[in-house]
2 protein chains.
Amino acid sequence: MNFLERHDLPLSKIPKRWYNVVPDLPRIPDDYLHPVTREPVDREFMERLLPKALVAQESSMERWITIPEEVRAAYRLWRPTPLFRAHGLERHLDTPAEIYFKYEGASPSGSHKLNSALAQAYYAKLEGVDRLVTDTGAGQWGSALSLACSLFGIKALAYMVRASYESKPYRRNLMETFGQQVLPSPGPHTEYGRALLAGTPDHPGSEATAVSEALETVRRNPGDRFSMGAFANHVLLHQTVVGLETREQLAEIGKQPDHLVASVGCGSNMGGFAFPFVSDKLAGADIGILAAEPAACPTLTAGEYRYDFADGSGSGPMARTYTLGYEFVPPPIHSGGLRYHGAAPLVGLARHEGILDSRAYAQREVFEAGTLFARLHGLVPAPESAHAIRAVIDLAQECTRQRRHAVIVFCYSGHGLLDLGAYRSFNAGEMADAEPYEVALAAGEPAVAGLAG
Amino acid sequence: MNFLERHDLPLSKIPKRWYNVVPDLPRIPDDYLHPVTREPVDREFMERLLPKALVAQESSMERWITIPEEVRAAYRLWRPTPLFRAHGLERHLDTPAEIYFKYEGASPSGSHKLNSALAQAYYAKLEGVDRLVTDTGAGQWGSALSLACSLFGIKALAYMVRASYESKPYRRNLMETFGQQVLPSPGPHTEYGRALLAGTPDHPGSEATAVSEALETVRRNPGDRFSMGAFANHVLLHQTVVGLETREQLAEIGKQPDHLVASVGCGSNMGGFAFPFVSDKLAGADIGILAAEPAACPTLTAGEYRYDFADGSGSGPMARTYTLGYEFVPPPIHSGGLRYHGAAPLVGLARHEGILDSRAYAQREVFEAGTLFARLHGLVPAPESAHAIRAVIDLAQECTRQRRHAVIVFCYSGHGLLDLGAYRSFNAGEMADAEPYEVALAAGEPAVAGLAG
């Protein structure tokens with residue numbers, strides 16, 4: 001029997017405040033720049049884009065921000081989430097390392113994404129916003145925002161990356177079951193989408209194309225506001241409930257983490273999980289923070305730290321962070337949530353400042369790790385989470401070789417029950433690795449799309 | 001905001017003993033009969049079929065049976081489960097009733113089924129069984145048994161009702177991801193399957209055909225044992241962790257249930273949820289126990305109480321319970337778990353003794369209830385659970401009309417994340433109601449299959 005050892009928190013321990021890492025970082029993030037003037041964006045520009053409360057959070061220098069009571073009440077749907085120790089995986093790897101994971105997979109939308117979705121829907125409702133418009137990759141974020149908007153009684157529209165829209169119908173059906181609207185990106189509903197399709201009729205889309213279509217829609221409809229599932233500081237802020245709970249759970253069992261591991265697409269999972277440990281690290285604690293990325297889209301591992309557009313059309317704000325170039329369209333791997341050319345500016349800054357490291361993994365070694373984990377522990381991880389598991393296995397095997405004890409803690413960001421087609425493909429031996437980024441780059445392929453296409 | 005009010009139990013309150021309702025029933029269930037001799041089956045017959053520990057539980061007269069520590073440890077993966085109060089649904093219905101539900105949807109296999117699967121896999125492993133062979137309808141039970149067998153390190157084979165095998169590929173993929181085997185029923189792997197297909201090449205299968213194929217397989221392989229996801233007394237016994245926790249949670253908030261509601265396919269959900277309240281009821285507490293069934297397969301509502309075969313071939317044991325006739329093949333509705341001609345003998349006996357009532361619902365009114373619930377509370381119920389929600393809505397509306405307060409508690413037996421194709425069909429207006437049983441009966445259609453076919 002491959003026991004999991006479970007550590008719970010009582011309902012009363014749902015965090016009362018989000019943690020804002022900015023005041024604790026070695027330096028303040030660079031301003032967002034206006035896409036045309038290249039000057040720092042002003043409050044007016046941002047407030048046309050986002051609910052005012054989120055604009056305020058975006059540039060806040062307060063270390064602690066109170067979670068509204070309505071949002072905490074909604075968190076009670078599934079929070080606090082358990083911290084598990086994976087004895088079975090430890091035994092299987094015959095490692096001296098202890099392996100723990102924070103389990104976000106029992107969220108009703110299926111992942112950690114709901115932590116920010118509920119906050120955003122709450123503020124939007126409070127400010128009288130008609131509709132939140134967003135982009136979604138594999139659909140985890142779209143599902144979460146659809147659910148949250150249903151609970152708070154407002155409308156949601158998600159532009160879903162076409163590759164996922166077509167390969168993951170259940171995610172789309174989930175959003176529609178919540179009564180919300182989903183459109184494939186690129187699609188014929190925006191100028192940008194029509195232009196892309198004219199150039200590349202079978203364009204698979206990317207997070208960047210979906211962002212562009214969402215931004216265009218918001219610009220056209222005064223009652224709409226944009227909603228982000230990652231990237232922005234305020235999203236990472238909301239996700240810190242994950243790391244705050246983890247920190248408390250580890251303290252309760254007297255454990256100090258040596259390694260914190262999370263997958264990174266844009267970085268809300270990593271930021272939410274690891275940032276609450278950053279001040280410990282900066283105060284001298286020996287904590288390695290490792291981002292697990294797909295080899296087909298290794299933003300932190302192979303990207304450049306510079307200003308770039310956050311979207312794929314070059315019409316949205318610019319931010320300084322790691323990027324593979326805004327025109328890069330990642331190949332359609334199964335981890336739709338990780339197909340993004342950039343990284344959240346705070347995660348990029350943390351990488352730039354040496355606070356976190358990254359490694360990139362090919363698709364099949366990721367699914368091998370996910371399948372192993374499912375069989376050992378009865379939990380089928382989302383492909384995104386399986387990247388973290390792959391990295392954890394490698395770290396634990398290093399511990400075995402070095403006969404080194406370590407406490408490894410990773411974030412199990414979501415379940416893979418709507419990704420079972422991908423697992424089927426892997427188990428049937430039909431899955432291929434996507435072309436690694438470097439190979440695509442050498443062949444001159446990365447910039448296959450964008451408005452130029 | 002449609003708050004759910006949540007009531008948790010600490011990990012230490014996972015029940016230490018299962019509750020056996022038999023000693024508390026007005027009379028003892030009738031014996032199982034041998035399919036050929038029609039004499040009561042003996043221990044030897046049963047022990048060729050099932051692990052010995054389960055045979056002992058099947059006829060136990062002990063009121064309380066200790067849960068092995070290994071099984072309790074596995075329950076910690078997701079138990080105790082929350083009890084929620086559905087304020088949003090109450091407000092939506094403008095009802096004076098209080099509506100609570102026991103939430104089994106965060107189980108890693110997706111439903112309550114795992115409560116018995118873990119116990120069965122544990123005993124099978126302990127007794128050196130090679131492989132557990134089972135039948136599964138929508139795949140909830142097959143997923144649960146596959147998961148449990150992976151955890152305890154033994155093999156599982158599930159015969160999956162063909163209609164679901166084809167319409168729910170993700171459930172099949174889930175079992176395969178756990179490393180276990182799934183075959184469609186009827187299929188070419190057994191004599192019974194081949195005979196059925198010869199007569200009806202597009203036979204949709206049913207729980208009964210899958211049981212027959214599983215039994216035939218077990219008879220041919222000495223290291224195999226049969227595993228049931230419902231029906232048997234020992235399965236209902238294992239499921240009582242659901243009702244025992246519910247009873248404790250209601251007591252903690254000082255509530256007495258007036259109505260207990262659960263869907264019934266065969267009855268493990270209903271038995272596990274409601275039986276721990278039966279002694280209260282028999283001692284005089286005014287508790288209505290309501291079974292929600294599909295109109296296309298209304299066993300408790302329209303069936304007869306008599307001896308009948310438990311399987312579809314007439315080769316398995318006979319039991320006295322409610323039945324629509326073992327040759328009845330229910331139409332392929334989306335609630336695969338409810339497509340069974342019979343009922344668990346203990347649930348049948350409880351119905352016969354007036355301990356529980358039943359109502360039958362058409363498919364679309366069930367999905368209407370499930371969709372409403374998803375939008376109000378962010379939880380998409382399995383179609384099986386949506387039957388209970390339909391019944392709860394009707395009860396609550398009766399309370400509204402009668403201006404009557406009542407405490408209604410239902411079992412949310414599983415999530416519907418692998419049933420989203422059915423929700424899509426409903427939301428697109430493409431779903432039809434299956435022919436109600438009475439109509440099919442009048443047309444002489446119910447006995448369309450079986451070996452005679």
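Residues numbered from 1 in each chain as written. Chains lettered and ligands numbered in written order. Predicted model: local features only at pLDDT ≥ 70, side-chain atom pairs only at ≥ 80, totals over all residues. Heavy atoms only, no water.

Visitor: It is not clear to me how the packing of aromatic side chains should be interpreted in this structure. Could you clarify?
Guide: Think of a pair of aromatic rings as described by two things: how far the centres are apart, and how the planes are tilted against each other in angle. Scanning the model with the defined rule gives 39 aromatic pairs over all chains in all. Considering the side-chain rings of Phe309(A) and Tyr326(A), the 4.8 Å spacing of their centres and the 70° angle between planes classify their relative orientation as edge-to-face. Linking Phe309(A) in strand S12 (residues 304–309) with Tyr326(A) in the loop between strand S13 (318–323) and helix H15 (345–352), this pair joins segments that are 17 residues apart in sequence. Classification of Tyr326(A) by relative accessible area gives partly exposed; the value is 22%. With 6.2 Å between their ring centres and 85° between their planes, Phe231(B) and Tyr340(B) make a pair best called edge-to-face. Taken together, the positions of Phe231(B) in the loop between strand S9 (224–227) and helix H11 (233–252) and Tyr340(B) in the loop between strand S13 (318–323) and helix H15 (345–352) put the pair 109 residues apart, joining distant regions of the chain. Of the residues examined, Tyr340(B) reaches a relative accessible area of 6% and is grouped as buried. Pairwise contacts between aromatic rings join Phe84(A), Phe101(A), Tyr103(A), Phe373(A), Phe410(A) and Tyr412(A) into one cluster. For the cation-ring pair, Arg351(A) lies above Tyr322(A), with the distance from its terminal atom to the ring centre recorded as 5.9 Å. Above the face of the Tyr165(B) ring, Arg172(B) is positioned so that its terminal group lies 4.3 Å from the ring centre. (Phe/Tyr/Trp six-rings, centres within 6.5 Å; stacked < 30°, edge-to-face > 60°. Helix = DSSP H or I, 4+ residues; strand = E, 2+ residues; numbered from the N terminus. Buried < 20%, exposed > 50% of the residue type's maximum accessible area, 1.4 Å probe, protein only. Lys NZ or Arg CZ within 6 Å of the ring centre and 35° of its normal.)

Visitor: What am I meant to see in the sheet that holds strand S5 (residues 98–103) of chain B here?
Guide: Pairing between sheet strands relies on hydrogen bonds along the backbone, with the strands arranged either parallel or antiparallel. Residue and element names in this part refer to chain B. As summarised here, the arrangement of the seven strands in space is S1-S4-S5-S15-S10-S11-S14, forming an open sheet in which the pairing is mixed. Either end of the sheet is taken by a strand with one partner, and the two such strands are strand S1 (4–7) and strand S14 (357–361). On average, each strand axis in the sheet is inclined to that of its neighbour by 25°, with strand direction left out of account. In the sheet, strand S11 (residues 288–294) pairs with S14 via five bridges, with the strands oriented parallel. Its bridge partner lying in S14, glutamate 293 is registered against alanine 360. (Pairing = 2+ DSSP bridges. Axes fitted to C-alpha atoms, helices over the stretch in contact; angles between N-to-C directions.)

Visitor: Mind showing me how you'd approach the domain arrangement of chain A here?
Guide: By a widely used convention, the size of an interface equals the accessible area lost when the partners come together. All names here are of chain A. If you check the domain split of chain A, you get domain 1 (5–13 + 78–110 + 238–442) and domain 2 (44–67 + 113–227). Of the roughly 2500 Å² buried where domain 1 meets domain 2, counting both sides, 59% is carbon and sulfur surface. When the buried area of domain 1 at its contact with domain 2 is split by residue, Ser109, His238 and Leu418 rank highest and sum to 27% of it. Ranked by residue count, the leading element in the side of domain 1 that touches domain 2 is helix H11 (residues 233–252), at five residues. Considering only residue class, the side of domain 1 that touches domain 2 consists of 13 nonpolar, 15 polar and six charged. (Domains from an automatic or database assignment. Buried area = accessible area lost by both parts, 1.4 Å probe. Nonpolar A, V, L, I, M, F, W, Y, C, P; charged D, E, K, R; others polar.)

Visitor: Can you walk me through the sheet that holds strand S8 (residues 181–185) of chain A in this structure?
Guide: All names here are of chain A. The parallel open sheet is built from four strands, whose spatial order is S8-S7-S6-S9. Two strands bound the open sheet, and with one partner strand each, they are S8 and strand S9 (224–227). For this sheet, the mean angle separating the axes of adjacent strands, direction not counted, is 25°. Two strands pair when backbone bridges link them, and strand S7 (residues 155–161) and S8 are joined in this way by five bridges, in the parallel orientation. Opposite leucine 157, over in S8, you have glutamine 181 as the bridge partner.

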